[in-house]
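# Close look at the chain arrangement
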Amino acid sequence: MNAMPQPAVPAIEVAFPNLAPHATGNTGIPYVRTFAASLPGPHVLVQALTHGNEVCGAIALDRFLREGLHPIRGTLSLVFANVAAYQRFDPADPFASRCVDEDFNRLWTSTVLDGPRSSVELTRARELRPLYDRVDYLLDLHSMSEPCLPLAMAGSQRKGVQLAKAIAVPPHVIVDGGHAAGKRLRDYAFFDDPDDPRNALLVECGQHWEAAAPAVARQAVLRFLRHFGMLNAATLERDLEALPPEPQRTIEVTTTVTITTDAFRFTQPVHGLQMIPRQGTVYAIDGGVQVRTPHDDCVLIMPTRRPKKGETAVRIGRYVN
């Protein structure tokens, strides 16, 4: 079977904000701003730039900071995570600045964080870890390599699904356990403990550089903060958009396909939320081994554009009630 041609690089439709005004922050950690209200409440953290080329969250947070967003109760932290990778963005090679040395979102176990290795991303993760350890709720803003409807990545615990449904955006909630290559921040420690009330949600806001993605990120932030009672009525009245009429749909991941060789390729055009109706359909080859759908009505979740041994090729799921 022949390899599928590499899809065209999506257009860059957004301007990348200058983050220099946020560099000093106000917490002693660069690119972190924390605001505490006089009324008690939860500590909520909203993060952008977990990956350096996923700019929609940075656009949203930069705008909120310029608008003077503050909570009316509790504590709000706004974080630009992997700025070192962001600063390397090159429109001629826009996927290269996802990270500097390694994926910031595959580091989140004590074995890795307390281990002997060193990298740009690990240094930043260790710098931010004490802040994450203090928060009650995390919203991690991401985007995707290919065009796809926005997704709420709820993790594998019931509490994550409940939070995604309470926020009510985006339209698809994904129940999944993450990646073999390493643990995500949204699954870090207590966030993945079913008996701990602390919780996290990762939102994929659309394709990295599409014009609509920053608005998705903004609405996700507004609804997240609204859920915890942290925004005043005037802000919500001015900025919160109506929910779409269609209810959210939930997809439970049944299989995470990890690439085992340097010769992985898809054998048909694939895209996010694509459904393959028949069990046993060959959709990829990994080192000469056929990769088949494990059941009927398989939904493809974020098939990779850049296959790499040891990383996730695609997640396979099915719609559930």
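See the structure shown above.
Residues numbered from 1 in each chain as written. Predicted model: local features only at pLDDT ≥ 70, side-chain atom pairs only at ≥ 80, totals over all residues. Heavy atoms only, no water.

Once that is clear, we can look at helix 1 (residues 56-67). With 12 residues, helix 1 should cover 16 Å at 1.5 Å per step; its first-to-last C-alpha distance of 17 Å lies within 8% of that length. Counting buried positions over the 12 residues of helix 1 gives nine, a clear majority of the element. All of the buried residues along helix 1 are Cys56, Gly57, Ala58, Ile59, Ala60, Leu61, Asp62, Phe64 and Leu65. In this structure, the buried residues of helix 1 make contact with strand 1 (32-36), strand 2 (43-48), strand 3 (75-80), strand 4 (137-144), strand 7 (199-207) and helix 6 (213-227). One or two steps after helix 1, the chain reaches Gly68, where phi turns positive at roughly 80 degrees. (Helix = DSSP H or I, 4+ residues; strand = E, 2+ residues; numbered from the N terminus. Expected span 1.5 Å × (residues − 1). Buried < 20%, exposed > 50% of the residue type's maximum accessible area, 1.4 Å probe, protein only. Contact = heavy atoms within 4.5 Å.)

Attention now moves to the nonpolar core. In this structure, Val44, Val46, Phe80, Leu201 and Phe224 are the most contacted members of the largest nonpolar core, which totals 51 residues. Setting aside residues no more than four positions away along its own chain, Leu201 makes contact with Leu138, Leu139, Asp140, Ala152, Met153, Ala154, Leu163, Ala164, Ile167, Arg186 and Phe224. Judged by nonpolar contacts, the second largest core, of 21 residues, contains Val79, Phe104, Leu131 and Leu185. (Core = buried A, V, L, I, M, F, W, Y, C linked by side-chain atoms within 4.5 Å.)

Here Pro171 shows up in the loop between helix 5 (158-167) and strand 6 (172-175). The class of Pro171 is partly exposed, set by a relative accessible area of 32%. In sequence terms Pro171 and His22 are 149 residues apart; their C-alpha atoms lie 32 Å from each other.

On the basis of which strands lie adjacent, the open sheet formed by 11 strands has the order 1-3-2-4-7-5-6-8-14-13-10 and mixed pairing. Strands with a single pairing partner mark the edges of an open sheet, and in this sheet they are strand 1 and strand 10 (275-276). Inspection of the sheet shows strand 10 paired to strand 13 (residues 298-301) by two bridges, in the antiparallel sense. Pairing of Met275 across the sheet is with Val299, part of strand 13. Packing against the sheet, helix 5 makes contact with strand 5 (151-153), strand 6, strand 7 and strand 8 (249-258), and its axis sits at approximately 55 degrees to strand 7. (Pairing = 2+ DSSP bridges. Axes fitted to C-alpha atoms, helices over the stretch in contact; angles between N-to-C directions.)

In this section: helix 6. If you check helix 6, its first and last C-alpha atoms are 21 Å apart, about what 15 residues at 1.5 Å a residue would give, namely 21 Å. Counting buried positions along helix 6 gives 11 out of 15 residues, so the element sits mostly inside the fold. Within helix 6, the full set of buried residues consists of Ala213, Pro214, Ala217, Arg218, Gln219, Ala220, Val221, Leu222, Arg223, Phe224 and Leu225. Of the residues trailing helix 6, Gly229 is marked for its positive phi of about 65 degrees.

On to the pattern of salt bridges, then. Taken as a whole and judged by the stated rule, the model has 17 salt bridges. Between Arg98 and Glu54 there is a salt bridge, and its shortest N-O distance comes to 3.4 Å. With Arg98 in the loop between helix 2 (83-86) and helix 3 (110-113) and Glu54 in the loop between strand 2 and helix 1, this pair connects stretches of sequence that are 44 residues apart. With relative accessibility at 27%, the residue Arg98 sits in the partly exposed group. A salt bridge links Asp187 to Arg186; its shortest N-O distance comes to 2.8 Å. Arg186 matches Asp187 in its accessibility class, with the two residues each being buried. (Salt bridge = Lys/Arg side-chain N within 4 Å of Asp/Glu carboxyl O.)

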